[in-house]
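Here is how the chains run, residue by residue.
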Amino acid sequence: MTLYELVNQTTVQGDVRVSKFDEEANEIILLNAQGTDDLADELPEEYEDLTVKYIFNGEDGTHIEVSDED
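We now turn to the structure provided with this report. (Residues numbered from 1 in each chain as written. Predicted model: local features only at pLDDT ≥ 70, side-chain atom pairs only at ≥ 80, totals over all residues. Heavy atoms only, no water.)

1. Digging into the pairing of strand β1 (residues 14-21)
Then, in step 1: In the sheet, β1 pairs with strand β2 (residues 27-36) via seven bridges, with the strands oriented antiparallel. Considered in β2, the bridge of Phe21 is made with Glu27.
Then, in step 2: The turn linking β1 back onto β2 is made up of five residues, and Ala25 within it adopts a positive phi angle of 65°.
Then, in step 3: Here four bridges tie β1 to strand β4 (residues 61-67), and the two strands are oriented parallel to one another. If you follow Ser19 over to β4, its bridge partner there is Glu65. (Pairing = 2+ DSSP bridges. Helix = DSSP H or I, 4+ residues; strand = E, 2+ residues; numbered from the N terminus.)

Here's what the structure looks like:
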């Protein structure tokens, strides 16, 4: 599933962090939305084709991990 499909087929709300990991396993935060009503409204177009790998809830909100790979 792409990030575009996720945010346009469901309403993702609240504190949401979208990130990916580089080759050295360093987290790269792409988007950190605080108190969003709909993540689709805040998602930059260049992130739409990223593949969703994991979705989990942390102490600071919902985390969505993405990858450039299919």
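Having seen the structure, we can now continue with the description.
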